Amino acid sequence: MDLFADQRAAAQRQIQPLAVRLRPRSFDEFVGQEHFAGPGRLLRRLLAAQRLTSAILFGPPGCGKTTLAEIIAAHSRAAFVTLHAAEAGVKDMRAVIDAARERLLTGQRTVLFLDEIHRFNRAQQDVLLKDVEEGTLILIGATTENPFFAVNGPLLSRSQIFELKPLSPEQLEVLLRRALADRERGLGATQATADDAALRFIAAHAEGDARRALTALEVAVLSLLAETGAPSASPPHVTIEIAAESMQRNVVPHDACGDLHYDIASAFIKSLRGSDPDAALYWLARMLEGGEDPRFIARRIAICASEDVGNADPQALVLAAAALQVTLAVGLPECEYALAQAATYVACAPKSNAVTVAIGAARRDVREGPALPVPDHLRDRSYAGAARLGRGVGYQYPHDHPAAVVAQDYLGAFRSYYNPSERGFEAQIAATLRRLRAARERPAPETGTD
């Protein structure tokens, strides 16, 4: 019997951060994720029926992944083992698996909580497959990455996927007020108070991260205690000014090859396409603040200028190309002005995807064939003997005819790929194209030349 166990546990609690001490111990204390962890939802039903299977929990930091894994283990009455993928290796996993097999002999299941599972490579993840499939252990993997990018397909197919969302400001306020009131695990023993505005400020600026919000509150209270010489002085009171000082500067999440990278780029392109310059500027700023390569941004703007604006405003591509050149020439930070100029122009330009549709249809015809032969009158006649083979015979030079248009077949089959919209400059192109197509269908007038 360890006579000092309680004292050590109490000492350990004193040095733990507030976010760890206040970690919920049951679903009654758990805040957020009602879409799958609320009463009557999937996770609760699985636990109530004792039918828990392996699961992957993914979401941003501070949304409750570790907490939820511990609550799951408590509800399942299983042994709970934690490994961190950044520190553990195959040997550690095999030791957990061997211990899980021994527990099964006494009827006890094992939950392996594998934090940051995306840090395991494919071979390391494969070590778990057999025992997860056979039920030797229940795997709870946690990751901030999209598991469909970061976790083996066979392991995903054996697991429930639960996506955790950032906590709302209202949910974070609940946690902050609980921290102030809780005397055992929170800050209640300090008798600290806070203005409503201060709590709202922290909740609004924590980016949905409970750990960050609770840490800011703890920093505010402890700094006040240090200044006033508690416990003899009056209880600390957190104002909005103190809350603002206690909040760390926003860290803009970014991963050059991860899920968020593609999500933000997608939002940027869709804002340009949807003619919302304000949204486009926000996503542009997110990418710049997150350290995105400005050349990547410039290329996306240029693509949108052709794909979504096209000939409705040909100047959009010119401006996008210029922004790309400026980005290559001067780099950050000055190139952000050219990127913003091009992004707002493209967003506000009239939109047409007629060019995109046209080239797509033409390439589809080429791929699916059959290939059309080049008509004889269009073939090259620049070499000796070409005329004897009939190359170029019958070709009519457009400049020999009025308006430089002649009724002549340029394809050998009827195709209509490019159909301009009636938006922006493309409306003028549409009118011109109607005249050109009509002229090519009429017989050419005699020119009086051989």
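Undergrad: Explanation requested: the pattern of salt bridges in the structure shown.
TA: Side chains that differ in charge, positive against negative, can pair when their charged atoms come close. As enumerated under the stated definition, the model contains 18 salt bridges in all. The partner of Lys130 in a salt bridge is Glu134, and the shortest N-O contact between them spans 3.1 Å. You can see Lys130 and its partner Glu134 sitting in helix H8 (residues 129-134), 4 residues apart, about one turn around the helix. One network of salt bridges, in which partners are shared, links Arg25, Glu29, Asp182 and Arg185.

Undergrad: How do you make sense of the packing of aromatic side chains when you look at a structure like this?
TA: Think of a pair of aromatic rings as described by two things: how far the centres are apart, and how the planes are tilted against each other in angle. If you walk through the whole model with that rule in mind, you get 3 aromatic pairs. A ring pair is formed by Phe80 and Phe113, whose centres lie 6.2 Å apart and whose planes are at 20 degrees; its orientation type is stacked. Remark: Phe113 occurs in strand S3 (residues 110-115) and Phe80 occurs in strand S2 (residues 79-84); sequence separation between them is 33 residues. For Phe113, a relative accessible area of 2% gives the class buried.

Undergrad: What exactly am I supposed to notice about the environment of Val326 here?
TA: Secondary-structure assignment places Val326 in helix H18 (residues 315-330). Classification of Val326 as partly exposed rests on a relative accessible area of 33%. Sequence separation between Val326 and Arg295 is 31 residues, and the spatial gap between their C-alpha atoms is 9.8 Å. When residues no more than four places from it in sequence are discounted, the contact partners of Val326 are Gly331, Cys335 and Ala338.

Undergrad: What exactly am I supposed to notice about the environment of Ala226 here?
TA: Positionally, Ala226 belongs in helix H13 (residues 210-228). Ala226 sits in the exposed class, given a relative accessible area of 64%. A C-alpha to C-alpha distance of 47 Å links Ala226 and Ala99, two positions 127 residues apart in sequence.

Undergrad: Hey, could you run me through the packing of helix H17 (residues 294-309) against helix H19 (residues 335-348) in this one?
TA: What describes two packed helices is the angle between their axes and the distance between those same axes. Between H17 and H19, the least distance of the axes is 10 Å, while the angle of their chain directions is 20 degrees. In this view, H17 runs roughly parallel relative to H19, as classed from their interaxial angle. Between H17 and H19 lies a crossing of left-handed hand. Along its contact with H17, which presents Pro294, Ile297, Ala298, Ile301, Cys304, Ala305 and Val309, the element H19 presents Cys335, Leu339, Ala342, Ala343 and Val346.

Scoring rules and cut-offs
- Residues numbered from 1 in each chain as written.
- Predicted model: local features only at pLDDT ≥ 70, side-chain atom pairs only at ≥ 80, totals over all residues.
- Heavy atoms only, no water.
- Salt bridge = Lys/Arg side-chain N within 4 Å of Asp/Glu carboxyl O.
- Helix = DSSP H or I, 4+ residues; strand = E, 2+ residues; numbered from the N terminus.
- Phe/Tyr/Trp six-rings, centres within 6.5 Å; stacked < 30°, edge-to-face > 60°.
- Buried < 20%, exposed > 50% of the residue type's maximum accessible area, 1.4 Å probe, protein only.
- Contact = heavy atoms within 4.5 Å.
- Axes fitted to C-alpha atoms, helices over the stretch in contact; angles between N-to-C directions.
- Parallel < 35°, antiparallel > 145°, perpendicular 65-115°, else oblique.
- Left-handed = near helix turned anticlockwise from the far one by under 90°.

The quantities given are spatial measurements derived from coordinates; they are silent on function.
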